[in-house]
Amino acid sequence: MHALKHDILPPSGVEFAVALNFTPPTPSTFVNIITARSNFLRVYDVREQPLSVSDHAQSERDKRARVRKGTEAVEGEVEMDQAGEGWVNMGAVKSTAKQEPATTFHFYLIREYTLHGTVTGIDRVCTMSSNDDKLDRLLVSFKDAKIALLEWSDAVHDLVTISIHTYERAPQMAALDSHLFRPDLRADPLSRCAALSLPRDSIAILPFFQTQAELDVMEQDQSLAREVPYSPSFILDLVADVDPNLRNLVDFVFLPGYHNPTIAVLCQSEKTWAGRLKEYRDTGRLYIFTLDLLNHTYPIITAVDNLPYDCFTLLPSARRVALPVNGWFARVSDTPSLPLDKDHDLTLDGSRLVFADDKTFFVIRKDGLVHPVEIVSDGRTVSKLVMSPALAQTTIPAVTKQLGGGMLFVGSTAGPSVLLRALRVAEVVKPGEEGEDGSAMPAAVVDTNAMDLDDDDDDDLYGDSKPMARAAPNGAVPGAPALRTRSVTYLSLCDSLPAYGPIADMTFSLAKIGERYVPELVAATGSGHLGGFTLFQRDLPIRTKRKLHVLGGARGIWSIPVRQSHRVNGTSYEKTSSGLFVGENDTIVISTDANPSPGVSRIATRAAKTDLAIPTRIPGTTVGAGPFFQRTAILHVMTNAIRVLEPGAYLPFPLTGLSQFISLISLSALLFSPGLGLVLSVDGSERQIIKDMEGNMPRARIKGCSICDPFVFILREDETIGLFIGETERGKIRRKDMSPDGREGGPSKLSCVDSSRYLSGCFYSDTSGAFEMLTTEATAVASNSADKIVTSTLQAAVTAGHSSQWLALIRPQGIMEIWSLPKLTLVFSNAGIGTLDPVLNDSYDLPAVSLPQDPPRKPQDLDIDQILIAPLGQSAPTPHLFVFMRCGHLAVYETHPAPLPSTQTPSLPDGRSAFLKLKFTRVLTRTFEISKQEELEKTVLAEQKRISRTFVPFITSPTSSVDGSRTTLSGVFFTGDRPSWIMRTDKGGLKLFPSGHAVVHAFTACSLWESKAEFLVYSDEGPSLLEWIPDIELDTSLPKRSLPRSRPYSNIVFEPSTSLIVAASSLQARFTSYDEDNNVIWEPDGVGVSLPQCDCSALELISPDSWVTMDGYEFAPNEYVNAVECVTLETISTESGTRDFIAVGTTIDRGEDLAVKGASLTCHPVFKRWYRLKLRVRDDAKGPVTSVCAINGYLVSSMGQKIFVRAFDLDERLVGVAFLDVGIYVTNLRALKNLLLIGDAVKSVLLVAFQEDPYKLVILGKDIRRAYATTLDFFFANGELSLALSDEEGVLRMLTYDPGDPDSRGGQNLLCQTEFHCHKECRTARIIARRTKEEHEIPQAKLIAGFGDGSLSALTPVDEAAFKRLHLLQGQLSRNIQHVAGLNPRAFR
């Protein structure tokens, strides 16, 4: 059997991070942050932007805006009322009123990469090229002892590998335990060298050149200064070259402020642990030595002995000062320290430190509590450290970085990573805030206005207060006491990177969305207070609000905002006074169908709260529709004509007489607006119609169009185009003169359109400023003179200030051209779009020559069928280019600024007078399956069955159900077979999500019912109004919802009979040790000494509809859950004789001197006005019950190295029927019919058969390799069976049982068929059914695996023919593609 492994979700969270200037800065760029987790790298841009105003604040502003003029408060009136005085200092009020706008910092994802190696560290360096471009370079280290030097290339908008340095063949890597070693990467602050730790107490040094003088000293070729920015690396043996006692390396850092590179190394001269503290304690040592890279000498500057044995990290700081945080420090170390505070009983394992400024740093503990620590110095000597109580609770830290400017980044592998701002300000001390002795209070507080963290202490933390002389304000009483100030560090939250952390377990459940049930993957994610559930779905979850069968729209739906217009001197313009139609809500919906032939179009309006009225039906098929003339008319394009429709008029009428008004006046339709006495008459009357004819002969049918007020573009079936322009003064449209003799003529003009051929085209209205045009001097002068004439007209006055408009066209020879409007000047040309090149740059060519039409050209598979330029994004949408080819290839390009063309470049043509400073970079590709039969048929029936594939841009504003905030997203919907949403978020990048429909014929965003989050869709279920479910997150490849529960879960199962979820929460409890007489052996006997923590668990019965815990079962404080499974057992309580039960295996800790015990429990949900969890049997065991499953109605459980098969007797007890001694320690059990898979911690896997007459377990085969089996499953397809096994090294093996193979020794040995190296531990796996087009009696199995880094992967069976093709493709891709960081994929598989 062959299988294909592919990743579904990348790793989640941040394990390594670095702040640097990596990409060319923009005006809002503060710094770049690059994060890494496992084999995934992300590049972010931290941008400064104005602080957004909440909806509540905006509503208050609107209320104040509606205050009657002359009644609002005068300047200083509010302050006067608050102070309760009869006067106010107007000068002070005026000075404080003028403040700079508040800004904040946010993350923006630039690019993300999958690497062929496990990242163990990242850091920044500067090379000689950094002096030219002012950008930093990136160093990345990998688990197999490699260092890659990367830089950002603005030409391709991508990472470029400068060099890769490998040490995997060094003698130090030949150690037996080298696979357990993780190399750490450090870089010198001045970028003079980088260091990578290696086994056997060695460090690899990679020097860098910083000046040309250094290169001359090394006698290198000066021409290689930019190409080779480093000198040969070498390996430094710390024991042989530095000091014989420098052994057992723990951590090392480069120290700033030294003339030569200086390293501080933390090590242990003698290894010890808690049981050897009487013989060896304070074994830690700190060495500080310099690196002489020229002479290769390493003198030691400082050596510090007798450090505590449990030191685990270094942070460059001042002198040595010890601050105990609990009472254990004095018991495990003889190091002199400050006296212990009575209130301190903290643990620092898993904590991280980060400096806020020179005098304050923060200690972030593993539970997320943030403690400020103030450094008290006496001159240049540090006298003491003052730790204050916790300010707040943030994420669980994995890495902390200081970004400069008071910005701090806290990365987490267990949940979201946060961006904090620490700002030190001087604050006036109010009377009564100081202590009685005038002593200071701690010096840091939480800015609650900007930081959404949990406050743990209401007391502010203040620093020393000092008197400050200050001039008395105007009107102050003379002789008042001098004001005192204190230095306060404010900590606030700016932004966060969403993440859900490691996946502990997962299961599939059924989620009810609207009236239908969809499968949902429920994963137990996170740890600590960040634990909870994450719900993944394959398709973007939507729910149907209502069906609209009367609307139709199988060939298209358009929701259009039309406004009341006023006419001045014959010109229509939008009404701007306050009223109902000031907003952007739609008012008219146009739909079209191909049946009955030749089609019918409808104009619908809102008649009541939820109903639609269709006043007008027009024979014929609509190609496109949109608002025109500043949304005062409707531009309606049909297959043979272009029409301008009148929207109607607004008739005022009081609400009380509305029924009499409707009964008296007969109109084709009335649109009633709730809350106002306005009625809109919509009759669809024609203002103008232009028949698409050439003389008296009709042209080919119009198959596509693009509408961008005041321009209209049409594309006919014979690949000819037409361009029309609206005249606002007359309220009508006319053909755009594009002939060579016209005013727009010239070598760069769009000429001879009727004879030219084009495959596709679209307009784009740029509001972001990304489309910037460069013109020659002659063109600029002509343009300025023409603009002076145009701006004198009323049309230009109406459209003044609008965005720039552009026309993109695709020629049959695969050339994309962009023309500026209204001059129709060629500004961009590229011939690489036909092959979907990675980067599309301007070729500076003249307009392409049309191909000869004799004989007529036939459509080709590589022809471009659809093209669209539309904005994508969340807070700052940017234009993207969407391309769809006839063969089914879809590509999305992102726009980026391009360098200006040089006037001396010989490739610039003489005829080109304008250039677009833009390039397109490919960011996404997909392939869709295309049916060729439907394209060849031209009958009426085939036309009605034809599936239209088009790009439809939309803007939506879903509302959060938590705080009611709105998030505006600009996206594109791709209709047709396998319809998809294409969206881009600030922190997740560009994503494509399936819509869940089999086919979507028409789509449009609709705000007809005053909601910005609704869509009109004509799918295989007919026309309906849809919306997204609330709180959906689009930052990952699968849509997800996060359910924080403030506690982690170790196991989760779905109970199918009740559709409920049973989960085991993982908690912490105080552990007390007892002797055989139940007497307490030890109790806390000192200040700051407490009982240790141990794991405990609780079962929870959860409803997946509301995610409320309905019932539960609490275990003892020293008992925790190992396994939870839903098993089918024989029972006498049901008619079928079987029932689903929840089987649980636990472990009971009894201290380090007594062996652990365990228990197996059997329970099931029962309904008594509320679902309860009823315990049936609890069977105590002499050892831990590590795994459970069911086989043929019997319960299988493991206890250490034993397997027990039990029967459920009378629903009261478990009776053993068979047992088997296997391996060393059982980790997993899986059953299929009468076959049983047993995973072991040492002896891999065994295949066992269960026999009932007599009861017996028979070993069929086993794996001869030594491996720790973390997960195992049966994997089958097309009558073949394999065993999928994952070990702790991340290797996924497929084993087969084949007694006929001589290598299996009659089936005793399981044969390894293939291996996949995942390089990360698989914690959970689930088998699901995979349905294919070929119907089989037994579906194929598909394995979904969840990993400790939060990633998801799938293992899918493939047939022999597909396997051979994919194997050849894999080899070609490995050999012929430039991989990120220069890594070889064959070494990472």
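Everything below is about the structure shown above.
Reading guide: rules and limits
Residues numbered from 1 in each chain as written. Predicted model: local features only at pLDDT ≥ 70, side-chain atom pairs only at ≥ 80, totals over all residues. Heavy atoms only, no water. Helix = DSSP H or I, 4+ residues; strand = E, 2+ residues; numbered from the N terminus. Buried < 20%, exposed > 50% of the residue type's maximum accessible area, 1.4 Å probe, protein only. Areas by Shrake-Rupley, 256 points an atom, 1.4 Å probe, with all protein chains shown as cover. Pairing = 2+ DSSP bridges. Core = buried A, V, L, I, M, F, W, Y, C linked by side-chain atoms within 4.5 Å. Contact = heavy atoms within 4.5 Å. Expected span 1.5 Å × (residues − 1). Arc of directions from axis to C-beta. Salt bridge = Lys/Arg side-chain N within 4 Å of Asp/Glu carboxyl O. Phe/Tyr/Trp six-rings, centres within 6.5 Å; stacked < 30°, edge-to-face > 60°. Patch = residues over 30% accessible without salt bridge, like charges linked within 9 Å, V, L, I, M, F, W, Y side chains within 5 Å. Axes fitted to C-alpha atoms, helices over the stretch in contact; angles between N-to-C directions. Disulfide = S-S within 2.5 Å.

A. Representation of the overall build of the chain in the model. Helix and strand counts for the chain come out as 13 helices and 95 strands. The 1389 residues of the chain split such that 50% are buried. As displayed, the chain has an accessible area near 65,900 Å², and 51% of this comes from carbon and sulfur atoms.

B. Spotlight on the sheet that holds strand 60 (residues 878-885). Reading across the sheet, the 5 strands line up as 58-63-61-60-59 and stay open at both edges, with antiparallel pairing between neighbours. A strand with exactly one partner marks an edge of an open sheet, and here the two such strands are strand 58 (839-840) and strand 59 (864-872). Judged from the 2 bridges that link them, strand 58 and strand 63 (residues 918-927) form a sheet pairing that is antiparallel. Its bridge partner being in strand 63, Leu-840 is matched across the sheet by Phe-920.

C. Structural detail: the nonpolar core. Met-816, Ile-818, Leu-881 and Phe-920 are the most contacted members of the largest nonpolar core, which has 26 residues in total. Contacts of Phe-920, omitting those with residues within four sequence positions, involve Met-816, Ile-818, Phe-828, Pro-838, Val-839, Leu-840, Leu-881, Tyr-893, Glu-894 and Thr-895.

D. Seen up close, helix 13 (residues 1360-1376). If you check helix 13, its first and last C-alpha atoms are 25 Å apart, about what 17 residues at 1.5 Å a residue would give, namely 24 Å. All buried positions along helix 13 are accounted for by Ala-1362, Gly-1371 and Ser-1374. Taken around the axis of helix 13, the buried residues stretch over an arc of 165°, which confines them to a single face. Counted as exposed and oriented over 90 degrees from the buried face of helix 13: Lys-1364, Arg-1365, Leu-1368, Arg-1375 and Asn-1376. Looking at the buried positions of helix 13, the neighbouring elements they touch are strand 95 (1352-1358).

E. Looking closely at unusual backbone geometry. The omega torsion of the bond from Asn-595 to Pro-596 falls at 5°, within 30 degrees of zero and hence cis. Asp-709 connects to Pro-710 through a cis peptide bond whose omega is 10°. Tracing the backbone shows Pro-710 in the loop between strand 49 (702-708) and strand 50 (711-716). For Glu-719, which is not glycine, the phi dihedral falls at a positive 70°.

F. Fine view of the pattern of salt bridges. What the rule picks out here adds up to 55 salt bridges. Residues joined by salt bridges that share partners form a network here, namely Glu-15, Arg-37, Arg-182 and Asp-184.

G. A look at the packing of aromatic side chains. Counted by the stated rule, this structure contains 36 aromatic pairs. Relative to Phe-1003, the ring of Trp-981 lies with its centre 5.4 Å away and its plane at 90°, an arrangement referred to as edge-to-face. One end of the pair, Trp-981, is in strand 67 (residues 980-985); the other, Phe-1003, is in strand 69 (residues 999-1006), and 22 residues separate them in sequence. Under the relative-accessibility criterion, Trp-981 is labelled buried at 2%.

H. Region of interest: the side chain of Ser-1024. Here Ser-1024 is to be found in strand 71 (residues 1022-1028). Residue Ser-1024 is classed as buried on the basis of its relative accessible area, which comes to 3%. Not counting the four nearest positions on each side in its chain, Ser-1024 is found in contact with Thr-544, Arg-546, Lys-547, Leu-548, Phe-1015, Leu-1016 and Val-1017.

I. Just a nonpolar patch on the surface, in detail. On the surface, Leu-4, Leu-1366, Leu-1369, Leu-1373 and Ile-1377 cluster together to form a nonpolar patch covering roughly 400 Å² of accessible area. The biggest single contributor to the nonpolar patch is helix 13, with 3 residues. Among the structural elements, Leu-4 can be located in strand 1 (residues 2-9). A relative accessible area of 35% means that Leu-4 is categorised as partly exposed.

J. Main features of the pairing of strand 12 (residues 202-207). Strand 12 sits mainly inside the fold: 6 of its 6 residues count as buried. Residues Ser-202, Ala-204 and Leu-206 line one face of strand 12 and the alternating positions Ile-203, Ile-205 and Pro-207 line the opposite face, and both faces are buried. Bridge count between strand 11 (residues 193-198) and strand 12: 6 bridges; the pairing is antiparallel. Looking across to strand 12, one finds that Ala-195 is bridged to Ile-205. Hairpin connection from strand 11 to strand 12: 3 residues lie between these consecutive antiparallel strands, with Arg-200 at a positive phi of about 60°. Examined bridge by bridge, strand 12 and strand 13 (residues 234-237) share 4 bridges and lie antiparallel to one another. Within strand 13, the position partnered with Ile-205 by the bridge is Phe-234.

K. Seen up close, the sheet that holds strand 51 (residues 721-727). What the 4 strands build is an open sheet, ordered 49-50-51-52; its pairing is antiparallel. Pairing within the sheet leaves two strands with one partner each, and these edge strands are strand 49 and strand 52 (732-735). This sheet shows a mean twist of 25° between the axes of neighbouring strands, independent of strand direction. In terms of strand pairing, strand 50 meets strand 51 through 5 bridges, oriented antiparallel. What sits directly across from Val-712, in strand 51, is Phe-724.

L. Representation of the pairing of strand 38 (residues 600-606) within the structure. Counted residue by residue, strand 38 has 7 buried out of 7 residues, so it is predominantly covered. Going residue by residue along strand 38, you find Val-600, Arg-602, Ala-604 and Arg-606 tucked away on one face and Ser-601, Ile-603 and Thr-605 tucked away on the opposite face as well. The pairing of strand 37 (residues 588-593) with strand 38 spans 6 bridges and is antiparallel. Within the sheet, the bridge partner assigned to Asp-593 lies in strand 38 and is Val-600.

M. Quick look at the state of the cysteines. Tallied over the full model, the rule gives 0 disulfides. In this model Cys-1318 remains outside any disulfide bridge; the closest cysteine sulfur is found in Cys-1322, 7.2 Å from its own. The buried category is assigned to Cys-1318, whose relative accessible area is 9%.

N. Focus on the environment of Ala-554. Its place among the elements puts Ala-554 in the loop between strand 33 (542-547) and strand 34 (556-560). A relative accessible area of 18% places Ala-554 in the buried class. With 449 residues separating them along the chain, Ala-554 and Phe-1003 place their C-alpha atoms 9.7 Å apart. With residues near it in sequence (within four places) discarded, Ala-554 still touches Thr-592, Asp-593, His-1001 and Tyr-1018.

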